[in-house]
Amino acid sequence: NLGSPFDVTVSSDGKNVYAVAYSSFSIVYWDRDSATGALSNQVNLIDSTNLNQAYSVTVSPDGKSVYAVAKNSDSIVYWDRDSATGALTNQVNLIDSINLIAAYSVVVTPDGKNVYAVAVNSDSIVYWDRDSTTGALTNQVNLIDSTNLDAVKGVAVSPDGKNVYAVAYTSR
């Protein structure tokens with residue numbers, strides 16, 4: 001269930017660790033002992049349709065939501081996160097076979113108001129407004145630039161949330 005793990009993150013409260021696995025089409029999570037860092041109670045969520053080659057995972061700063069992107073699913077997938085247990089429920093799949101072709105990386109802004117993803121084969125940065133109560137994503141905006149975002153693979157947001165940075169494999 002952890003075939004070819006590709007990304008890992010720790011929840012902001014430090015209670016859980018989440019990883020996505022590329023070849024097992026899954027997100028895997030554990031409880032984390034805050035004193036020792038030891039992991040226990042592994043849970044595997046497998047979805048060969050929506051997590052096909054999952055590449056990136058992140059937890060919202062408020063700890064209410066977990067977001068992942070999957071390269072072969074052209075999707076962003078998200079769940080509600082139980083803050084007491086870390087359990088993931090209410091999976092939502094947003095598939096966009098134009099703007100999220102080979103989705104590769106995902107990040108939530110520090111204020112939790114937006115989610116950004118990049119897609120290698122779409123040469124795009126895609127972002128959504130994030131509902132701070134439900135974690136739902138709305139108002140998708142697509143920025144496509146085959147010159148400056150050619151094979152874009154990474155995205156980051158500055159701590160103050162004022163800037164978004166992306167790296168592209170073949171752009172110059």
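The notes below deal with the structure included here. Worth saying up front: this structure is predicted, and the values here are computed from it rather than measured.

1. Considerations on the pattern of salt bridges
Tallied over the entire structure, the rule returns two salt bridges. Salt-bridge contacts for Asp-13 lead to Arg-81; the nearest nitrogen and oxygen are separated by 3.1 Å. One end of the pair, Asp-13, is in the loop between strand 1 (5–10) and strand 2 (16–21); the other, Arg-81, is in strand 7 (residues 75–81), with 68 residues separating them in the sequence. The partner of Asp-62 in a salt bridge is Arg-130, and the shortest N-O contact between them spans 3.1 Å. Of this pair, Asp-62 sits in the loop between strand 5 (54–59) and strand 6 (65–70) while Arg-130 is found in strand 11 (residues 124–130), placing the two residues 68 residues apart along the sequence. For Arg-130, a relative accessible area of 6% puts it in the buried group.

2. Digging into the packing of aromatic side chains
One pass over the structure, following the stated rule, counts eight aromatic pairs. With a centroid separation of 5.1 Å and an interplanar angle of 70°, the aromatic rings of Tyr-22 and Tyr-55 are classed as edge-to-face. With Tyr-22 in the loop between strand 2 and strand 3 (26–32) and Tyr-55 in strand 5, this residue pair connects regions lying 33 residues apart in the sequence. A relative accessible area of 22% places Tyr-22 in the partly exposed class. Chaining the aromatic ring pairs together yields one cluster made of Phe-6, Tyr-22, Tyr-55 and Tyr-104. In this structure, Lys-153 is placed above the aromatic ring of Tyr-169, and the distance from its NZ or CZ to the ring centre is 4.4 Å.

3. Description of the sheet that holds strand 3
Strand order in the open sheet formed by four strands is 1-2-3-4, with antiparallel pairing between adjacent strands. If you trace the sheet from one side to the other, it starts and ends with strand 1 and strand 4 (39–46), each paired once. Neighbouring strand axes in the sheet, compared pairwise and without regard to direction, differ in orientation by 20° on average. For strand 3 and strand 4, the ladder comprises six bridges, and the chain directions are antiparallel. In the sheet register, Val-28 faces strand 4, and the bridge partner there is Asn-44.

Basis of the calculations
Residues numbered from 1 in each chain as written. Predicted model: local features only at pLDDT ≥ 70, side-chain atom pairs only at ≥ 80, totals over all residues. Heavy atoms only, no water. Salt bridge = Lys/Arg side-chain N within 4 Å of Asp/Glu carboxyl O. Helix = DSSP H or I, 4+ residues; strand = E, 2+ residues; numbered from the N terminus. Buried < 20%, exposed > 50% of the residue type's maximum accessible area, 1.4 Å probe, protein only. Phe/Tyr/Trp six-rings, centres within 6.5 Å; stacked < 30°, edge-to-face > 60°. Lys NZ or Arg CZ within 6 Å of the ring centre and 35° of its normal. Pairing = 2+ DSSP bridges. Axes fitted to C-alpha atoms, helices over the stretch in contact; angles between N-to-C directions.

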